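# A structural walkthrough
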Amino acid sequence: MAAISVRAVSHSFGLPGKQNRIAALKNVSFDVAPGEFVTILGPSGCGKSTLLNMVGGLLSPSEGAVQVDGTPVLQPLPERIAYVFQESTLFPWYTVEENFAILLRCRDVPRSEWRTRTLAALTSVGMQDFAGHYPKQLSVGMRQRINLARGIASDTDILLMDEPFAALDEQSRMVLGEDLSALLGRTGKTILFVTHSLAEAVFLSDRILVLSARPGRVKATVAVNEPHPRPPDFMLTSDFSELRNQCYALLRDEIRLAMAEAVA
Amino acid sequence: MTETSRLWPCAIQGLIAAGGLLLWFVVTQSGEVSPLFLPAPDAVVNAWVALVRSDEFWPAVGVTLTTIAAAYILAAVAGLLTGWLITRSPLLTRAFEPLVSGIFAIPITLFFPLFILLFGIGQESKLAYGAVYGFFPVALNTIAGFAHVDRRLVDAARCMGLSRFGLFRHVLLPAASPVIFTGLRVGFFICFASVLGGEAIASAAGIGHNIALSAELFEPARMYAWIVCVVAAALVLTALVSTIERRFRDS
Amino acid sequence: MSGPAAGTIAELAPARRRVAAGWLHGSAALRWGTLITIAVLWEVAARWSGNNGLVAPPTAILRALVTQILPDGQIRAALIVAVVEITAAYAIAVAGGFLIGVAVGWTRLGRNSLFPIVLFFYAIPQVAFLPLFVLGFGIGPAAKIAFGCSHGIFPVIVNTIAGMRNINPQYVSAARCMGISRAGIVRHVIFPHITGSFFAGLRLSMTMTMLGVILAELYVSTAGIGYFTRQFADTFDPAPLFALISVLTAIAIAMNAMVRLAERHWLRWKG
Ligand SMILES: Nc1ncnc2c1ncn2[C@@H]1O[C@H](COP(=O)(O)OP(=O)(O)OP(=O)(O)O)[C@@H](O)[C@H]1O
Ligand SMILES: [Mg+2]
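Residues numbered from 1 in each chain as written. Chains lettered and ligands numbered in written order. Predicted model: local features only at pLDDT ≥ 70, side-chain atom pairs only at ≥ 80, totals over all residues. Heavy atoms only, no water.

## Thoughts on the overall build of chain C
- Within chain C, the regular secondary structure consists of 10 helices and zero strands.
- Across the 271 residues of chain C, 44% fall into the buried class.
- For chain C, restricting intrachain contacts to residue pairs at least 6 apart in sequence, the fraction spanning at least 24 positions comes to 75%.
- As displayed, chain C has an accessible area near 13,600 Å², and 69% of this comes from carbon and sulfur atoms. (Helix = DSSP H or I, 4+ residues; strand = E, 2+ residues; numbered from the N terminus. Buried < 20%, exposed > 50% of the residue type's maximum accessible area, 1.4 Å probe, protein only. Contact = heavy atoms within 4.5 Å. Areas by Shrake-Rupley, 256 points an atom, 1.4 Å probe, with all protein chains shown as cover.)

This is the structure:
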């Protein structure tokens, strides 16, 4: 059975018949198998976050249905799905450690393990020295790393990640990408990932869904047949550049289309 | 900030305060201003000492402070509850937020005669009037605080599986509390001023009544002595409230 | 949210959205519906209790309005005087507050030394000084204008200074270098910057001005509106009292609306 199954999903924002009604997604269908890493690529504003919100149970699609492990998603499923948002959603009134504490309490982790689990998660993104800081005292990239660590610390089978590396420098992206690939090889999590970086998509994914300009449709699917964990050298192979160029070719027209629409 | 740039404002403030006092002296000595309107500073000081020693001082202060406290507790509890309940639904928020803010934009003093009509000349009418006036800023800010919590943080909390209470305790309350505190502070000072004002307009007891009475009996020094008490109380309360607020914000 | 069986989701989700869409339109209807329901319940309760309570029912208020309040020349005159007082106090508060605000907020030293003094006076409950205004200005309109003004001026000063505080000093320097006069700097640099904060101050100032004028009107019970409210209250005659207060409320709402209209007009002209 598919871990995530998206069936003929369409979504529009705004009231029907109103001028500000926006069709964000149109008839999107795909499955994600257990342990698979699927990336969604698409021009800005094509409905990627909207799609993730539906899988996360935060939004009901106008049409179609989303299922996780065969049951329809009607509300967030904290035991099954962890969601790393596009922007940091650390609670600004709590320190980093307190932010983790809230999550671990929800996960029914015994209090005695909180500190070690928090430090382990922070260490994995190189932020172990900032447990006592408030989010405001950190840079945007640091916050995003912690946000990512918090998502992984949820320890759910399914991870939704909306541009988790967007605010990071290229080197950190690559290092964290490698770590994520290693994690995947170790734990076999199911990940639905959104990014604007072609290299990141090819390096991490088993499958890439390229969406069209708004309203988003699945324009093409690109498979990457390379087992996890992937070594950094994978980026130097001709397969890699070929896949990357393939994705770029698919995206370029859509981006031009999206921009032309914005001008018109 | 450098030392001098902090020194100058203090010096100027001191000069203005000293100049004001000096002006007060000179003007009252010169006899240009009727002592009925502005008595000499020493007369006010003497009247103040006599007032604080008199038997009627503490009862009057007690009456006013009790009324303010009761009015404020009513206003705060009702305002918080109403704000919380209204924001449980976006529909209710959209329906009643404009109503609450619209009423608060009207000077509620207009309705004071109704309070006298309904509750009589005693302290009950001042209590009810202060409570109603103080209710609005508390309710308004509670609505604003809870209605504008960052949607993404609520979503994130739901995705983590926070319970309803956990959502309130860890997300809604911390997000809304700065705005709510402002409402509670404004509500307090509105209660304070309303009770005093109500006492001045129509009352048989309390500080406001005594100020109005001294004016009616042409005892300006005594009136100023009471005004000094009010000003001092306002300053002490302002300092107290900001300390409490800071304490809360730090914890 | 409960979890219905698989397969129903496609029908369920859009249905919930449609309800939500209807709700948003219904907020004004709900607001007015609630107000009308309260009025009807009020009427019913007052009739039930035999019309002898202290709370006059809406119909009795309307009747008193038409037969007692509006035809009474003295009350009409008192209402007109109150409107004139509010207008005059507001005009003085806005002009004076703006000038004081600009003067205090002009330099950093002014802001640091004089603004705390302004806030000090703002924090004092001015109603304590109400008898003093009547002693000084008499029981006529002058005292009420002065007292209304003393309430209304502070929001204007505070918001003008708050608006000026956020001005980028480079704009002022640039304007100075271009040789623009001081008046020109106020008009073209400072004023556009502070309009948002300033208009928030204007709105609050209108409420406060009305508060001050009404307080003084009620305090002086030998003339003006305070005389009539005292009369109706002393004779336990609720209907005309409610009616008079309704007229004053309508005036207050109209004055607030005018400030808003002026704000909208001004911002459109600017924009
Ligand atoms: N709450 C909302 N109300 C109305 N329209 C919305 C809302 N959220 C998103 N949209 C619209 O839906 C479209 C898709 O938004 P979405 O956030 O899913 O884009 P995205 O693909 O994630 O873009 P990006 O790559 O920039 O993050 C956008 O055009 C946006 O205008
Ligand atoms: Mg997005």
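The structure having been displayed, the exposition proceeds.
## Some points on the overall build of chain A
- Within chain A one finds seven helices and 10 strands.
- Here the C-alpha radius of gyration of chain A, 19 Å, is about what a compact globule of 264 residues would show, namely 18 Å.
- Taking the principal axes of the C-alpha coordinates as reference, chain A spans close to 55 × 45 × 40 Å.
- Here chain A, with 264 residues, has 53% of them falling under the buried criterion.
- If you take every contact in chain A between residues at least 6 apart in sequence, the share linking residues at least 24 apart comes to 68%.
- Mean positive and mean negative side-chain charge positions of chain A (26 and 28 charges, respectively) differ by 7 Å. (Rg over C-alpha atoms; globule rule 2.2 N^0.38 Å. Lys, Arg positive; Asp, Glu negative; His and termini not counted. Charge placed at Lys NZ, Arg CZ, Asp CG, Glu CD.)

## Side note on the nonpolar core
- Ranked by internal contacts, the top residues of the largest apolar core, which has 197 residues, are Ile208 of chain A together with Val171 of chain B.
- If one sorts the elements of this core by residue count, helix α8 (residues 182–219) of chain C sits on top with 18 residues.
- Beyond its immediate chain neighbours, meaning those up to four positions away, valine 171 of chain B contacts Phe91 and Trp93 of chain A together with Val149, Leu153, Val154, Ala157, Leu162 and Gly166 of chain B.
- The next biggest cluster of nonpolar side chains, apart from the first, holds 30 residues, and it includes Phe85, Val194 and Leu211 of chain A together with Cys159 of chain B. (Core = buried A, V, L, I, M, F, W, Y, C linked by side-chain atoms within 4.5 Å.)

## Comments concerning the domain arrangement of chain C
Residues and elements named next belong to chain C.
- Domain annotation for chain C reports domain 1 (1–50) and domain 2 (58–270).
- Contact with domain 1, which involves four residues of that partner, is made by four residues of domain 2.
- Buried surface at the junction of domain 1 and domain 2, summed over both partners, amounts to about 320 Å²; 66% is from carbon and sulfur atoms.
- The largest per-residue losses of area from domain 1 upon contact with domain 2 belong to Trp42, Glu43 and Arg47, which jointly make up 91% of the total buried on that side. (Domains from an automatic or database assignment. Buried area = accessible area lost by both parts, 1.4 Å probe.)

## Some thoughts on the coordination of the magnesium ion (ligand 2)
Residues and elements named next belong to chain A.
- The protein atoms donating to the magnesium ion (ligand 2) are Ser49 (OG) and Gln86 (OE1), with metal-donor distances spanning 1.9 to 2.4 Å. A residue pair is termed long-range when its members are at least 10 positions apart, and serine 49 in helix α1 (residues 48–55) and glutamine 86 in the loop between β6 (81–84) and α2 (96–106) qualify at 37 residues.
- According to the relative accessible area criterion, serine 49 is partly exposed, its value standing at 24%.
- Take glutamine 86: its relative accessible area is 32%, and that puts it in the partly exposed class. (Donors = N, O, S within 2.8 Å, 3.2 Å for Na, K, Ca; no water.)

## Side note on the packing of helix α3 (residues 73–105) of chain C against α8 of chain C
Residues and elements named next belong to chain C.
- Two numbers describe how α3 lies on α8: the axes approach to 8 Å, and their chain directions differ by 145°. Both α3 and α8 take part in a crossing whose hand is right-handed. From α3, Ala82, Glu85, Ile86, Ala89, Tyr90, Ala93, Val94 and Phe98 reach across to α8, where they touch Val186, Phe191, Ile194, Phe198, Leu202, Ser205, Met206, Thr209, Met210, Val213 and Glu217.
- Taken together, the residues that form the contact of α3 with α8 break down as 15 nonpolar, two polar and two charged. (Axes fitted to C-alpha atoms, helices over the stretch in contact; angles between N-to-C directions. Left-handed = near helix turned anticlockwise from the far one by under 90°. Nonpolar A, V, L, I, M, F, W, Y, C, P; charged D, E, K, R; others polar.)

## Examining the site of ligand 1
All names here are of chain A.
- Lining the immediate environment of ligand 1, one finds 13 residues, of which Ser44, Gly45, Lys48, Ser49 and Thr50 sit closest.
- Between an oxygen atom of ligand 1 and a main-chain N or O atom of glycine 45, the distance comes to 2.8 Å.
- The backbone of glycine 47 places a nitrogen or oxygen atom 3.0 Å from an oxygen atom of ligand 1.
- It is α1 that provides the largest number of residues to the shell around ligand 1, a total of three residues. (Near = heavy atom within 4 Å. Polar contact = N/O pair within 3.5 Å; in protein donor to acceptor, adjacent residues only side chain to side chain.)

## Some words on the interface of chain C and chain B
- With 49 residues of chain C at the interface, the matching set in chain B holds 48 residues.
- Here chain C packs against chain B, burying approximately 4,300 Å² in sum over the two surfaces, 82% of which is carbon and sulfur.
- The largest contributions to the chain C side of the interface with chain B come from Arg31, Leu132 and Leu135 of chain C, which together make up 12% of the buried area.
- The interface formed by chain C and chain B holds seven residue pairs in polar contact (both at pLDDT 80 or more) in total.
- Taken together, the elements giving at least two residues each to the side of chain C that touches chain B come down to α1 (9–48), α4 (108–123), α5 (130–137), α8, α9 (224–234) and α10 (238–270) of chain C.
- Among the residues making up the side of chain C that touches chain B, the classes are represented as 36 nonpolar, 10 polar and three charged.

## Regarding the packing of aromatic side chains
- In the structure shown here, the tally under the stated rule is 27 aromatic pairs over all chains.
- Through a chain of ring-to-ring contacts, three or more aromatic side chains come together here, namely Phe104, Phe112, Phe115, Phe119, Tyr129 and Tyr133 of chain B.
- One cation-aromatic arrangement involves arginine 150 of chain A over phenylalanine 91 of chain A; the distance from NZ or CZ to the ring centre is 5.7 Å.
- Residue placement shows arginine 88 of chain B over the ring face of tryptophan 84 of chain B; its charged tip is 3.6 Å from the ring centre. (Phe/Tyr/Trp six-rings, centres within 6.5 Å; stacked < 30°, edge-to-face > 60°. Lys NZ or Arg CZ within 6 Å of the ring centre and 35° of its normal.)

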